[in-house]
Structure formats: structure tokens, C-alpha cells
Amino acid sequence: MSDSGQLTGGRLNAALADAVVQIHNQYFGRGPSKGHAFFRDRIVVVVMQETLTKAERSLAEAGRRDHVLEMRREFQRTMEDDLIEAVEGLTGCKVLAFMSDNHISPDMAAELFVLDGPVPGEPRGGKRRD
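This write-up is about the structure you can find in this document. (Residues numbered from 1 in each chain as written. Predicted model: local features only at pLDDT ≥ 70, side-chain atom pairs only at ≥ 80, totals over all residues. Heavy atoms only, no water.)

**Side note on the sheet that holds strand β4 (residues 108-115)**
Thought 1: Spatially, β1-β2-β4-β3 is the arrangement adopted by the 4 strands of the open sheet, whose pairing is antiparallel. Each edge of the sheet is formed by a strand with only one pairing partner; in this case those strands are β1 (34-40) and β3 (95-103). The average undirected angle you get between the axes of adjacent strands in this sheet is 10°.
Thought 2: As paired strands, β1 and strand β2 (residues 43-49) are joined by 7 bridges and run antiparallel to one another. When the sheet's bridge partners are listed, Lys 34 is paired in β2 with Gln 49.
Thought 3: The strands that helix α1 (residues 9-28) touches are β1, β2 and β4; relative to β1, the one it contacts most, it runs at about 130°. (Pairing = 2+ DSSP bridges. Helix = DSSP H or I, 4+ residues; strand = E, 2+ residues; numbered from the N terminus. Axes fitted to C-alpha atoms, helices over the stretch in contact; angles between N-to-C directions. Contact = heavy atoms within 4.5 Å.)

Structure follows, in C-alpha cells:
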């Protein structure tokens, strides 16, 4: 934790992953089996594994992969406000952009958030190209 009480470092990564996995669980009735988060400067990424429901896996196996991915995109649009609220609450930064995508095989998903500035209390990483 930083002096302001804000989570930092590995604790922030764990909290971000937990929050995103929990939101997925609320919307899909089950969460991913694994979630990992990391941030650098203004970028937060959460990568999850084994995200698909049994019904989605069955559809994908029956050749309906595109249908599964489109359904996932619709859910991501529905979850967007909750995901952004969670990331803003944990980082203390405003989310300027949110991007999300899924992969069927292997079963993985990624959520990417672009913040309005670096996470408070964290050293800035890397050189910026504007």
C-alpha cells in the first residue's frame, strides 16, 4: 500500500484480477479459472483463462465459434461500466478507454484499460512515444 492507503504493486495486481474475475462471474454465472493483472504507466491488462461456459464450449465445438465470440462481445459491452468502475476505484485513475477480446482455443480473454495517468504511488515505466 502507498502512504495514501491506495493499493500498489502486487497487491493492486491481485485486486484488479480479483475484481474483473468477480464481475465475469456475476455476468456469466461462473468466473474464469485464472486471472492475472499487470499495469505499467497508464495501461492495465487483465488476462483470464478458462472463461467459456459449458454451453459456449459446446457451441464452439459445433462450429459456431463466431457466434460465441459475438455473444462475448455483447456481454463485454454490457459489463463495461462495472469493469471500468472497478478499475477506477482500485487505481484512483479515470479510465479513458476500455478494450476487450476473447480467444476460443486456448480459452482466454483479455481486458485492457487505458488510464488518464499513471497509477498514483507507482514509478512511471518505460519511455513514452507521443
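**Some details on helix α3 (residues 65-91)**
Thought 1: The sharpest bend along α3 measures roughly 50° and falls at Met 79.
Thought 2: Here α3 has its buried residues at Val 68, Leu 69, Arg 72, Gln 76, Met 79, Leu 83, Ile 84, Ala 86, Val 87 and Thr 91.
Thought 3: Looking at the buried residues of α3, the elements they touch are α1, β2, α2 (54-61), β3 and β4.
Thought 4: Trailing α3 by a residue or two, Gly 92 shows a phi angle of about 75°, which is positive. (Bend = angle between axes of the 7 residues up to and from the residue. Buried < 20%, exposed > 50% of the residue type's maximum accessible area, 1.4 Å probe, protein only.)

**Considering the pattern of salt bridges**
Thought 1: As enumerated under the stated definition, the model contains 4 salt bridges in all.
Thought 2: The salt bridge involving Arg 73 is made with Glu 70; its shortest N-O contact spans 3.3 Å. Highlighted residues: Arg 73 and Glu 70, both in helix α3, separated by 3 residues, approximately one helical turn.
Thought 3: Here Arg 73 falls in the partly exposed class, since its relative accessible area comes to 32%.
Thought 4: Taking relative accessible area as the criterion, Glu 70 reaches 36% and is therefore assigned partly exposed.
Thought 5: The closest approach of N and O atoms between Glu 74 and Arg 77, which form a salt bridge, is 2.4 Å. Of the two residues, Glu 74 and Arg 77 are both situated in helix α3; the distance of 3 residues between them amounts to about one turn of the helix.
Thought 6: Overall, the relative accessible area of 41% leaves Glu 74 in the partly exposed class.
Thought 7: The partly exposed category is assigned to Arg 77, whose relative accessible area is 46%. (Salt bridge = Lys/Arg side-chain N within 4 Å of Asp/Glu carboxyl O.)

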